[in-house]
Amino acid sequence: MRHEAPRDAPLLGVTAVAIRLVLGRPVIFAQRRPGRHGRPFVLYKFRTMSGARAADGPLLPDRERLTRLGRLLRRTSVDELPELVNVIRGDMSLVGPRPLLMEYLPRYTREQAGRHDVRPGITGWAQLNGRNSLPWDRRFALDVWYVEHQSFRLDTRILLLTVWHALAQVGVSQPGEGTEEHFRGNETATDAPASSMPASKMEEVHRWS
């Protein structure tokens, strides 16, 4: 019996080659993230940032390291495609609250922590209703609403709308930032980008070339 290659294989291959040529190695970014009930797993994404550092050593802010190719991958959500590996392994679902950083776990309120009652997803209800442009409390409220109303019909609706949002390039980043604002719990958010925290706290475990 003849086995056909996945239809998205050419896209994955072209993207990997483009990243290799523009950013070099690694092509895949891998980082520990909390899954269902907060259990950690390794998340895979296409790399979108350079490793540029300031003269004194620290990484530059995200908005300065995000490349043109990286912006394109994020606008089209192509950078998320390697997460299909996480779905196959059972770490994630196609639909669910986005997996955030491990260090956020103790900062959630009891209600916000409910977002971890289901497996995280490649796309979710919050992503369709503002994505990174929403304040954290609103995003978490949308995540909890999804958990409480999860159904096959809702998941199908989210998947279909996700395709439209990706084509329309809706809500990819906050004004002036390459990535989402860092969640500080009850602290007041500032304009500091997520990458300003020490690299050791990012808990990146390994990368693939």
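Residues numbered from 1 in each chain as written. Predicted model: local features only at pLDDT ≥ 70, side-chain atom pairs only at ≥ 80, totals over all residues. Heavy atoms only, no water.

What follows is about the overall build of the protein. Each helix and strand in the protein was counted, giving 7 helices and 4 strands. Per-residue burial for the protein yields a buried fraction of 47% across its 209 residues. Nonlocal contacts in the protein, meaning residues at least 24 apart in sequence, comprise 68% of its contacts between residues at least 6 apart. Accessible area for the protein stands at about 11,900 Å²; split by element, carbon and sulfur atoms hold 55% of it. (Helix = DSSP H or I, 4+ residues; strand = E, 2+ residues; numbered from the N terminus. Buried < 20%, exposed > 50% of the residue type's maximum accessible area, 1.4 Å probe, protein only. Contact = heavy atoms within 4.5 Å. Areas by Shrake-Rupley, 256 points an atom, 1.4 Å probe, with all protein chains shown as cover.)

Let us now look at the side chain of R33. Examined against the element boundaries, R33 turns out to sit in strand β1 (residues 28–34). Within the local environment of R33, its side chain forms a polar contact with the side chain of Q31, the two groups lying 2.7 Å apart. Setting aside residues no more than four positions away along its own chain, R33 makes contact with R39, P40, F41, L43, P99, L100, L101 and M102. (Polar contact = N/O pair within 3.5 Å; in protein donor to acceptor, adjacent residues only side chain to side chain.)

Extensive coverage of strand β2 (residues 40–46) is indicated by the burial of 6 of its 7 residues. Here 7 bridges tie β1 to β2, and the two strands are oriented antiparallel to one another. Each bridged residue has a counterpart across the sheet, and for A30 the counterpart in β2 is Y44. The turn linking β1 back onto β2 is made up of 5 residues, and H37 within it adopts a positive phi angle of 60°. (Pairing = 2+ DSSP bridges.)

Glancing now at the packing of aromatic side chains. Considering all chains together, one arrives at 8 aromatic pairs under this definition. Summarising the aromatic geometry, the rings of W125 and W145 are spaced 5.2 Å apart at their centres and angled 25° between planes, so their arrangement reads as stacked. Linking W125 in helix α5 (residues 125–128) with W145 in helix α6 (residues 136–149), this pair joins segments that are 20 residues apart in sequence. Taking the relative accessible area as the measure of exposure, W145 reaches 33% and is therefore partly exposed. Centre to centre, the rings of W136 and F183 are 5.4 Å apart; their planes meet at 55°, and the pair counts as tilted. (Phe/Tyr/Trp six-rings, centres within 6.5 Å; stacked < 30°, edge-to-face > 60°.)

Its location among the elements puts T67 in the loop between α2 (62–65) and α3 (68–75). With relative accessibility at 16%, the residue T67 sits in the buried group. From its side chain, T67 meets the backbone oxygen of T48 in a polar contact 3.4 Å long. Here the side chain of T67 touches G70 through a polar contact of 2.9 Å, landing on its backbone nitrogen.

Let us now look at the confidence of the model for the protein. Here the protein shows a mean pLDDT of 81. Residues at 70 or above account for 79%. Here α2 is the element of the protein with the lowest mean pLDDT, 83, and strand β3 (residues 93–95) is the one with the highest, 97. (pLDDT = per-residue confidence, 0-100.)

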